[in-house]
Amino acid sequence: GAVVSQHPSRVICKSGTSVKIECRSLDFQATTMFWYRQFPKQSLMLMATSNEGSKATYEQGVEKDKFLINHASLTLSTLTVTSAHPEDSSFYICSASAGPIYNSPLHFGNGTRLTVT
Amino acid sequence: AQKVTQAQTEISVVEKEDVTLDCVYETRDTTYYLFWYKQPPSGELVFLIRRNSFDEQNEISGRYSWNFQKSTSSFNFTITASQVVDSAVYFCALSEEGNTPLVFGKGTRLSVIA
């Protein structure tokens, strides 16, 4: 079964509103979670690295004020798309591991398909 | 900088054919990890394999096999006797030592026709 739960799986919102996406590790503690974005028929692009108890590290070109990431506990990270616009419509997917990738598998959530109208 | 190249954008095969998906990577690290994921139309990423840079043994899992060649920086994936259910986008990915995020290739869309 899924070890990383992502919610919601689909969301449609109006332009200008904010949307929160949750990523939970179900049976392990994730000190680090990663947020990716995937446009249709494109690859997954890393948006940010989320560390529990500290500020997220954003990739170049990703607006941190627009994509707010909070990693308040070892099992939950949230991504909030603020003042969403149609160009933010995309597939967002999180991943998490219990530790370094050399000895911990990296699990992905099932993704959230965001449509901004 | 790490980089993953999947030169095949789309592949179409007839059911029961064998198909190989290519993956070439670049990294300056001596310790790194290579992955293959399957992404069916529903969108979720299905983990297929993880291989570290010190293990060059080829691996077989059912109809799937992987050929890791450090000399050519390749980590190719072969599906034997393909089935319609294998139709998906397949991503090769690389992570360098430590808890670094995965860098994905652009993916190869495989269509298996009955």
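This text goes with the structure placed above it.
Scope of this entry: the structure provided in the associated data block. The structure displayed is predicted, hence computed values, not measured ones.

All names here are of chain A. With 25 residues, the main nonpolar core has V4, W35, F67, L79, Y92 and L114 as its most contacted residues. The set of elements that each furnish at least two residues to this core consists of strand 2 (10–13), strand 3 (19–25), strand 4 (32–38), strand 5 (44–51), strand 7 (67–73), strand 8 (76–81), strand 9 (90–97) and strand 11 (112–116). Not counting residues within four places of it along the chain, the set of residues in contact with L79 comprises V19, K20, I21, W35, F67, L68, I69 and Y92.

Before going further, it helps to spend a moment on the pairing of strand 6 (residues 46–52) of chain B. All names here are of chain B. Bridge analysis of strand 5 (residues 32–39) against strand 6 gives 6 bridges, and the strand direction is antiparallel. Within strand 6, the residue paired with F35 across the bridge is R50. In this antiparallel pair of consecutive strands, strand 5 and strand 6, the connection spans 6 residues, and G43 shows a positive phi of 105 degrees.

Below, the discussion takes up the side chain of T108 of chain B. Residue and element names in this part refer to chain B. In this structure, T108 sits in strand 12 (residues 108–113). You can call T108 buried: its relative accessible area is 0%. When neighbours within four sequence positions are excluded, T108 is seen to be in contact with Q6, Q8, T9, I11, L21, A88, V89 and Y90.

Let's shift gears to the packing of aromatic side chains. On inspection of all chains with the given rule, the structure shows 17 aromatic pairs over all chains. Between Y36 of chain A and F108 of chain A, the ring centres sit 5.9 Å apart and the planes meet at 45 degrees, which makes this aromatic pair tilted. You can see Y36 of chain A sitting in strand 4 and its partner F108 of chain A sitting in strand 10 (residues 107–108), a full 72 residues away along the chain. The burial state of Y36 of chain A is the same as that of F108 of chain A; both residues are buried. A centroid spacing of 6.3 Å and a plane angle of 50 degrees characterise the contact between Y25 of chain B and F68 of chain B, whose relative ring orientation is tilted. On the criterion of sequence distance, the pair formed by Y25 of chain B in strand 4 (residues 24–26) and F68 of chain B in strand 8 (residues 64–69) is long-range, its members being 43 residues apart. The same class applies to Y25 of chain B and to F68 of chain B, which are both buried. Each member of the aromatic cluster is reached from another via a ring pair, and the members are Y36 and F108 of chain A together with F35, Y37, F47, F91 and F104 of chain B.

Turning next to the pattern of salt bridges. Scanning the entire structure with this criterion turns up 5 salt bridges over all chains. For R24 of chain A, the salt bridge is made with E22 of chain A, and the minimal N-O distance between the two is 3.4 Å. Overall, R24 of chain A belongs to the partly exposed group, its relative accessible area being 36%. The salt bridge involving R51 of chain B is made with E59 of chain B; its shortest N-O contact spans 2.2 Å. By relative accessible area, R51 of chain B is classed as buried at 5%. Judged by its relative accessible area of 32%, E59 of chain B is partly exposed. Counted as one network, the salt bridges with shared partners bring together R51, D55 and E59 of chain B.

Rules and cut-offs
- Residues numbered from 1 in each chain as written.
- Chains lettered and ligands numbered in written order.
- Predicted model: local features only at pLDDT ≥ 70, side-chain atom pairs only at ≥ 80, totals over all residues.
- Heavy atoms only, no water.
- Core = buried A, V, L, I, M, F, W, Y, C linked by side-chain atoms within 4.5 Å.
- Buried < 20%, exposed > 50% of the residue type's maximum accessible area, 1.4 Å probe, protein only.
- Helix = DSSP H or I, 4+ residues; strand = E, 2+ residues; numbered from the N terminus.
- Contact = heavy atoms within 4.5 Å.
- Pairing = 2+ DSSP bridges.
- Phe/Tyr/Trp six-rings, centres within 6.5 Å; stacked < 30°, edge-to-face > 60°.
- Salt bridge = Lys/Arg side-chain N within 4 Å of Asp/Glu carboxyl O.

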